Amino acid sequence: MKLNQKCLCTNCNVFSSSLFSRLGNEEVKKLHELKTFHFFNRGEIIFHQESPCLGVFCMESGSVKLYTQEEDGKEIINKIQKGGDILGHTGLFGKQQYIESAKALEPTKCCFIDSTSMKEVLANSSTLMTDLILKMSQDLIESNAKTADMVRKNVRERLATYILKMSETTGESQNFKLQLSREEMASLLGTAHETVIRCISEFKELGYIAEKNRVLYVLKKDSLQNLSRYH
């Protein structure tokens, strides 16, 4: 849903952690003029895999799952994005198509910059172009690391890693709201949902975690770190 309101980038709570944080004042003003503000309800599709890349989305708040769909309809979740993250940037070049789909996991606010405008901003800012290249390189590193984890870590270790990474997004509290179903978690971790259910039950019995009203609490961070080899 497109909204008429516009939030100044400099007033955005996540601007300092966004791709655009190193732009100069005049560049930020130009960016503000180019963007539009959008709101997505839980379950709403932001863009579809292989559809034309119309532009990029910078998330102000909420959470989004990025996923690809196989020919048999099976969904493979690649990543969960939060406020401050950018969506759709990998589709700006090459075939100029979105390489995956994006769906809101909760009410999500985004600023949208169309492809033509985004390329114009990039052409006039070597800093932003450099940061985008670094961002795409980091995406590739994370994708390769996830693939490596699928090979060298078992499901318990991968689940422990996922829990630790998600808990880091909440700062000191070490708890987070579960946005994914057990089946979606299984897709993200590359296993069966029955296995995820069994491992979560095991972690609860061991006192590593607790869960109430879809909020997961990390009770023994050191134990999860030792299990996951994630520090």
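Refer to the preceding data block for the structure.
Below is a short write-up of the structure. None of the values given here were measured: they were computed from a predicted structure.

If you trace the 4 strands from one edge of the open sheet to the other, you get 3-8-5-6, paired in antiparallel fashion. Each of the sheet's edge strands pairs with one partner strand only, and the pair in question is strand 3 (45-47) and strand 6 (75-82). Each strand of the sheet is rotated relative to its neighbour by a mean of 30°, with strand direction disregarded. Note that strand 5 (residues 63-69) and strand 6 share 7 bridges and pair antiparallel. Across the sheet, residue Ser63 finds its bridge partner in strand 6, namely Lys82. Against the sheet, helix 5 (residues 182-189) engages strand 5 and strand 6, with an angle of about 95° to strand 6.

Enumeration according to the criterion identifies 13 salt bridges in this entry. We note a salt bridge from Arg22 to Asp131, for which the minimum N-O separation is 2.9 Å. Linking Arg22 in the loop between strand 1 (2-3) and helix 1 (25-34) with Asp131 in helix 3 (residues 126-152), this pair joins segments that are 109 residues apart in sequence. On the basis of relative accessible area, Arg22 is assigned to the exposed category, the value being 53%. One salt-bridge network, held together by shared partners, links Lys79, Lys135, Asp139 and Glu142.

What follows covers the packing of aromatic side chains. Inspection of every chain in the model, using the stated rule, returns 6 aromatic pairs. For the ring pair Phe57 and Phe112, a centre distance of 4.8 Å and an interplane angle of 50° mean the geometry is tilted. Here the residue Phe57 occupies a position in strand 4 (residues 55-61), and Phe112 occupies one in strand 9 (residues 108-114), the gap between them amounting to 55 residues. On the basis of an interplanar angle of 90° and a centroid distance of 6.4 Å, the ring pair of Tyr162 and Phe176 is categorised as edge-to-face. Of this pair, Tyr162 sits in helix 4 (residues 155-168) while Phe176 sits in strand 10 (residues 175-177); the two residues are 14 residues apart in sequence, bridging distant segments of the chain. On the accessibility criterion, Tyr162 (10% relative accessible area) is buried.

What helix 1 keeps buried is the set Val28, Leu31 and His32. Angular distribution of buried residues about the axis of helix 1 spans 100°; they occupy a single face of the element. When the buried face of helix 1 is taken as reference, the exposed residues oriented beyond 90 degrees from it are Glu26 and Glu33. Elements that come into contact with the buried residues of helix 1 comprise strand 9.

Bringing the nonpolar core into the picture now. Soluble, globular proteins show a tendency: their nonpolar side chains are buried together. The biggest cluster of nonpolar side chains holds 33 residues, and the ones touching the most others in it are Phe20, Ile46, Phe57, Leu87, Met118 and Leu128. With 4 residues, the single largest contributor to this core is strand 4. In this structure, Met118 is in contact with Leu19, Phe20, Val56, Leu92, Ile113 and Leu128, ignoring residues within four places of it in sequence. The next biggest cluster of nonpolar side chains, apart from the first, holds 28 residues, and it includes Tyr162, Leu164, Leu178 and Leu224.

Where helix 7 (residues 221-228) is concerned, the buried positions are Leu224, Gln225, Leu227 and Ser228. Buried residues in helix 7, looked at end-on, bunch into an arc of 165°, giving them a common side. Facing away from the buried side of helix 7 by over 90 degrees, the exposed positions are Asp222 and Asn226. Next to the buried residues of helix 7 lie helix 4, helix 6 (193-205), strand 11 (209-212) and strand 12 (215-218). Of the residues trailing helix 7, Arg229 is marked for its positive phi of about 60°.

Calculation criteria
- Residues numbered from 1 in each chain as written.
- Predicted model: local features only at pLDDT ≥ 70, side-chain atom pairs only at ≥ 80, totals over all residues.
- Heavy atoms only, no water.
- Pairing = 2+ DSSP bridges.
- Helix = DSSP H or I, 4+ residues; strand = E, 2+ residues; numbered from the N terminus.
- Axes fitted to C-alpha atoms, helices over the stretch in contact; angles between N-to-C directions.
- Contact = heavy atoms within 4.5 Å.
- Salt bridge = Lys/Arg side-chain N within 4 Å of Asp/Glu carboxyl O.
- Buried < 20%, exposed > 50% of the residue type's maximum accessible area, 1.4 Å probe, protein only.
- Phe/Tyr/Trp six-rings, centres within 6.5 Å; stacked < 30°, edge-to-face > 60°.
- Arc of directions from axis to C-beta.
- Core = buried A, V, L, I, M, F, W, Y, C linked by side-chain atoms within 4.5 Å.

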